[in-house]
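# Structural overview for review
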Amino acid sequence: MNNFSYYQADKAKDATSAKRADKSAAFIAGGTTLLDLMKLNVENHDQLIDVNTLPFRGVEMTKNGLRIGALERMSDVGEHPLVVKNFPAVSQSLLLAASAQLRNMASIGGNILQRTRCGYFRDTAFPCNKREPGTGCPALEGDHRNLAILGTSEACIATSYPGDLSVALTALDAVLTLENAKGKQREVPITRFYLLPGSTPQKETVLEDDELLVAVTIPQTVAAQKSLYLKVRERTSYAYALASAAVGLEVQGGIIRAAKVALGGVGTQPWRSPEAEKMLVGKAPSEAVFRAAAEAALRGAKPREHNAFKVEMAQNTLVRALSEVAA
Amino acid sequence: METNQTKNAPTNVVGKPLDRVDGPAKVTGAARYSAEISVPGTVYGVLKTSTIAKGRITSIDTSRAAKEPGIITILTHENLPKPAKTPQQVEKWRAAQSYLPMQDAQVQYAGQPVALVVADTLERATQAAALINVTYQAEAPIDSFHDPKAELFDPQKIQQGKKDSHVVRGNPQQAFDGAAIRHEATYVHAINHHSPMEPAATLAVWEGADKLTVYESSQNVTMHQGALADLLGMPREQIRVVTKYIGGGFGCKGSFWPHTILTVLAAKAVNRPVKLALTRQQMFTGVGHREDQEQTLKMGTTADGKLVSLVHTKRATTSPWDNYTESNGKILDMLYACPNYSTTYELARANVMTSVWMRAPGEAPGSFALESSLDDVANQLGLDPLEIRLRNYADYDHSNGKPWSSKSLKQCYARGAELFGWDKRQAKPGQNRRGRLLVGHGMATASYPVHSSQGTARVRLFADGHAVVEAGATDLGTGTYTVMTQVSADALGLAPEKIRFELGDTRLPTAPGSGGSVAAGTVASSIMAAAEDVWDKVVKMAVADKKSPLYKAKPADVKVELGRMFLTKDPQKGETLVAALVRSGQPDIEGSGTGKYGAGYEEKNFGQNGADPNNDSKEKKTGGHSMHSFGAHFCEVEVDPDLGTVRITRWVGVHGAGTVLNLKTATSQMIGGAIYGIGAALMEETHRDASFARYTNADLAGYHIPVNADIPEIKVEFVPESDPYINYLGVKGIGELGMVGVAAAVGNAIFNATGRRLRHLPITPDKVLEALRQPA
Ligand SMILES: Cc1cc2nc3c(=O)[nH]c(=O)nc-3n(C[C@H](O)[C@H](O)[C@H](O)COP(=O)(O)OP(=O)(O)OC[C@H]3O[C@@H](n4cnc5c(N)ncnc54)[C@H](O)[C@@H]3O)c2cc1C
Ligand code: SF4
């Protein structure tokens, strides 16, 4: 870890301006992603701008849905009664993540901006297009058991977002509020926040250099209330997903009126599946319908030698999640 | 003096579930682990390790690093003080790895130390290490025995020359070819890393040119002292190695690794105490691992399931210099009554560091092959897994023809089956469902040998009724402090609070390290021998003391039990050791002794042939007894057929391991054994990239060990067992026993649940899904 200066911002403007003035600076919230990567010399920042005292807090119901401040902690949001009741998939995605210690420290904004667990990315001895553009991607022929099968490119096949929360947020059409150094706010649906790797895997989101993530808003819907997050991994706790599914269904008169489907652990970004949703809406819930949806969701998958299992695992995860939420 | 009798002495605190005596120090932070110790003037060392796995260093640019504040020195192969000898020059090098990095520009494995920075703070040293720019001329490394460039060879000897690479008994191939049932299968074991909580650490303190103290995270201070003496060309007595607490070792701290001598040499270079701890990442390339390996086992049985032949081969990766490989064959040779057996080891050199003993080395992976194949045969013949084991029960050790010193395996099977409810098991695989989940029950046998060992101890009894007991042993965190306090308390008839037991220092009487499950048996024996020395001295004082009830008795007529001396013929007549000591006016009295464990103890007390009036078994072909502990594991798993996940839902382990010194710590150890066995079975795996020969998941987020949520309640029981041959107290080691057979029990339960046999560890969801796609 290199030496850095530390600055605690009192106002959002101070934070964003400081960031704008210093290209090598980084915001720090809980630090559970950032400090790890700095200790590994994967990220080197000469300044850390502490945003923890900024007023981006609170979990409250608004007319647009549930608004969660970006600096709320994972554990607090995961256990918040409004979240548990109205957005079970969000609560589950948070409480099934990481460990209790990490959840107490880590923020919602930091979670959305966490970085890949690709082992090559995290070890500077390896080449890696995401870390050092143009150096190559050893994961293509190497150890990619944990990496993506959807949205990949020849440049990068990492699950760029390896976590859980954004998968639930992606299923439930959450909207992110961003604020820049001019104090201007903009809203970006989470489905358009993450970028596919293409030939520039180093560019992971649409967040501008001077932008802060200030809040997440999740529309309140029937499907959100009847939602579920299912996570599969070999270790029961404290492990990233091999595959996960966030689903929400609105069933009326025995027919699915609305369906929300996103997959985790399999896409280079949290993977919303309109294909699966299309197969579900208008049908009566049944295992056959769920299976058809799952097949549709994985149709575009490009599995490799060590992650081919993810196709079946993700399909089954989705079928299971849909069956459980429909039950 | 040396103990020469076997006692069946009454006990007071031995066996009781005493709380750990080191518990309060640990939970309050008063206990200092090696990296937490500082002496005045301590500075910090940090290693820089190689990014490539094979090649040469062409340049090391330290200019940027050297400009950092607080940097004291930067050592590379160009300026590191030379040791008197490298390990390869030492005649009988005692550690697994014989290669010492930073002697020249060669790089032979990824993560090999290439520079050592010393600075006034850890942070500064860490940052400077990152700023060193090393350029290499890289060559394509060999990754493992699977690498097309790798060549398998016959090492002739394995385990530092201690064992043969071929062992044959009878006519195994012929017997296999003629067997009614022939089963052949290949088993794969992933690379595993010990991953103790406490990283390896060294604090090296030179006092002048010829006196060295090293605070090391060592499972064996004597070994570390000896290795340092060899490398430095110094007499052992000039080197002191101290290890008061260890935060887990699992074998990796029981061998000597480069960081220790590099730190010692750095301390010499800067003429100040240097402390160096490996980072978690460096723990994956700094202290060995369990090697990647493949075993093929041909099992031949009669039509009713009696073993006639076991033909075993193992292929594994080793380092460019050493022929270390776990001896998997041992357990196949002795566990059952099988007349024909062979094992063959083949190794291939790759650019990896030398692997090393880890958690039941040999027995753990060996039993996975044996116990899985036997389960297959049982299923094929429609036999209960327990029944096939009973049909093959070994009444004596078929590997050497010797009778067992004790064996309670039948009792373990019976009690385990009862506790588990084995009779309710569905024999037909794939029949037992709980909702969507498939439920399976599996079992396997555990066994671990009593390795012969010896050690010394000192006991000082004070007239005020307390005692200091010393032995240079170590406590891995498993309870040595506690159980030796109990042994000492009973030997002197004192309460445990009155005993101070000291360990972990080469200044103390020499004792074996914690490894190979020898510590408890040996150190307990040594303490008893030293206590006997005290007894003898006090008895002599008493019989010469007019005021003693034993005045004028013959010492030979006096017996000592629980700290009280009495006439064997008139037990009423006697007094305590302390009472006699007080009257003597002497403030204290000291005794010392040598204790033996295993074959040496038996020979000493029973003669070459282990002559035992009660045992003249027919099978016995050679002198002495074969000494092993045994046990049985029973488990239940739930397999999710859609997601491939396996969860352990019930576990029962019943063991026969001689005298249990402390029911609480012993039970904890057996639980721990089951847990790390479950880790190896279901999740532990280090991935090495084939083209870079470098690990891709070298941290504890990527290398999965079980968490609480993975582990159900584990029921452990010990069956009563007394063994007169192994040591004074009849103690058998339990450090490794609890893990042996665990992976097989899990695999057997998965087979029972799914009808699919998984032979590749760890059994992760991807492999389960793949297996379920295949026809049962
Ligand atoms: C061992 C381990 C296991 C884990 N397991 C899981 C898991 O199973 N599931 C899961 O979902 N996650 C998991 N995580 C990831 C964890 O959830 C994230 O590290 C955490 O959520 C990050 O939050 P933070 O506040 O600590 O972020 P920081 O580390 O402070 O920041 C992360 C990044 O976001 C930026 N940032 C932070 N806040 C803002 C903001 N408001 N605006 C703009 N930029 C910002 C920072 O500059 C930095 O680049 C795990 C992490 C570890 C270390
Ligand atoms: S998959 Fe992406 S992150 Fe991983 S090595 Fe390739 S480029 Fe780097």
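Bear in mind the structure is a predicted one, so any value in this text is a computation, not a measurement.

### Some remarks on the overall build of chain B
- When helices and strands are counted, chain B shows 17 helices and 35 strands.
- Taken against the 2.2 N^0.38 rule, which gives 28 Å for 776 residues, the C-alpha radius of gyration of chain B at 27 Å falls within 12% of a compact globule.
- Dimensions of chain B, computed from C-alpha atoms along their principal axes, come out at roughly 85 × 75 × 50 Å.
- The proportion of buried residues among the 776 residues of chain B is 65%.
- In chain B, once contacts between residues fewer than 6 apart in sequence are set aside, the share between residues at least 24 apart is 80%.
- When the accessible area of chain B is evaluated, it comes to approximately 27,300 Å², of which 50% is carbon and sulfur surface.
- Put simply, chain B has 83 plus and 81 minus side-chain charges, and the middle of one group is 2 Å from the middle of the other.

### Some remarks on the pairing of strand β11 (residues 181–189) of chain B
All names here are of chain B.
- Bridge analysis of β11 against strand β16 (residues 293–301) gives 9 bridges, and the strand direction is antiparallel. The partner of E184 across the bridge, within β16, is K298.
- Examined bridge by bridge, β11 and strand β35 (residues 760–761) share 2 bridges and lie parallel to one another. Pairing of V188 across the sheet is with H760, part of β35.

### Topic: empty space enclosed by the protein
Residues and elements named next belong to chain A.
- Counting across every chain of the model gives 10 cavities of 30 Å³ or more.
- Of the pockets and cavities examined, the largest cavity occupies roughly 90 Å³.
- As for the largest cavity, its lining consists of 16 residues, of which C118, C128, C137, C156 and A158 are closest to the centre.
- Class assignment of the residues belonging to the lining of the largest cavity gives a composition of 13 nonpolar, 2 polar and 1 charged.

### Observations concerning the site of ligand 1
Residues and elements named next belong to chain A.
- Neighbouring ligand 1 are 29 residues, the closest being F27, G31, T33, S107 and D164.
- The contact in question runs from an oxygen atom of ligand 1 to an N or O atom on the backbone of N111, over 3.3 Å.
- When ligand 1 sits alone it has 970 Å² of accessible area, and the protein chains cover 94% of it.
- The residue inventory of the shell around ligand 1, partitioned by class, reads 17 nonpolar, 9 polar and 3 charged.

### Re the sheet that holds strand β1 (residues 5–8) of chain A
Residues and elements named next belong to chain A.
- Strand order in the open sheet formed by 3 strands is β1-β3-β2, and the pairing between neighbours is parallel. If you trace the sheet from one side to the other, it starts and ends with β1 and β2 (25–28), each paired once. Direction aside, the axes of adjacent strands within the sheet are offset by 25 degrees on average.
- As defined by bridge partners, β2 adjoins strand β3 (residues 47–50) across 4 bridges and the pair is classed as parallel. Paired with A26 across the strands is L48, a residue of β3.
- Contacting β1, β2 and β3, helix α1 (residues 12–21) crosses the sheet at an angle of about 150 degrees to β2.

Thresholds, definitions, all that
- Residues numbered from 1 in each chain as written.
- Chains lettered and ligands numbered in written order.
- Predicted model: local features only at pLDDT ≥ 70, side-chain atom pairs only at ≥ 80, totals over all residues.
- Heavy atoms only, no water.
- Helix = DSSP H or I, 4+ residues; strand = E, 2+ residues; numbered from the N terminus.
- Rg over C-alpha atoms; globule rule 2.2 N^0.38 Å.
- Buried < 20%, exposed > 50% of the residue type's maximum accessible area, 1.4 Å probe, protein only.
- Contact = heavy atoms within 4.5 Å.
- Areas by Shrake-Rupley, 256 points an atom, 1.4 Å probe, with all protein chains shown as cover.
- Lys, Arg positive; Asp, Glu negative; His and termini not counted.
- Charge placed at Lys NZ, Arg CZ, Asp CG, Glu CD.
- Pairing = 2+ DSSP bridges.
- 1 Å grid on protein atoms, 1.4 Å probe; cavity = no way out; pocket = protein on both sides within 12 Å on 5 of 7 lines; lining within 4 Å.
- Points joined across faces, edges and corners; volume = space filled by probe spheres on them.
- Nonpolar A, V, L, I, M, F, W, Y, C, P; charged D, E, K, R; others polar.
- Near = heavy atom within 4 Å.
- Polar contact = N/O pair within 3.5 Å; in protein donor to acceptor, adjacent residues only side chain to side chain.
- Axes fitted to C-alpha atoms, helices over the stretch in contact; angles between N-to-C directions.

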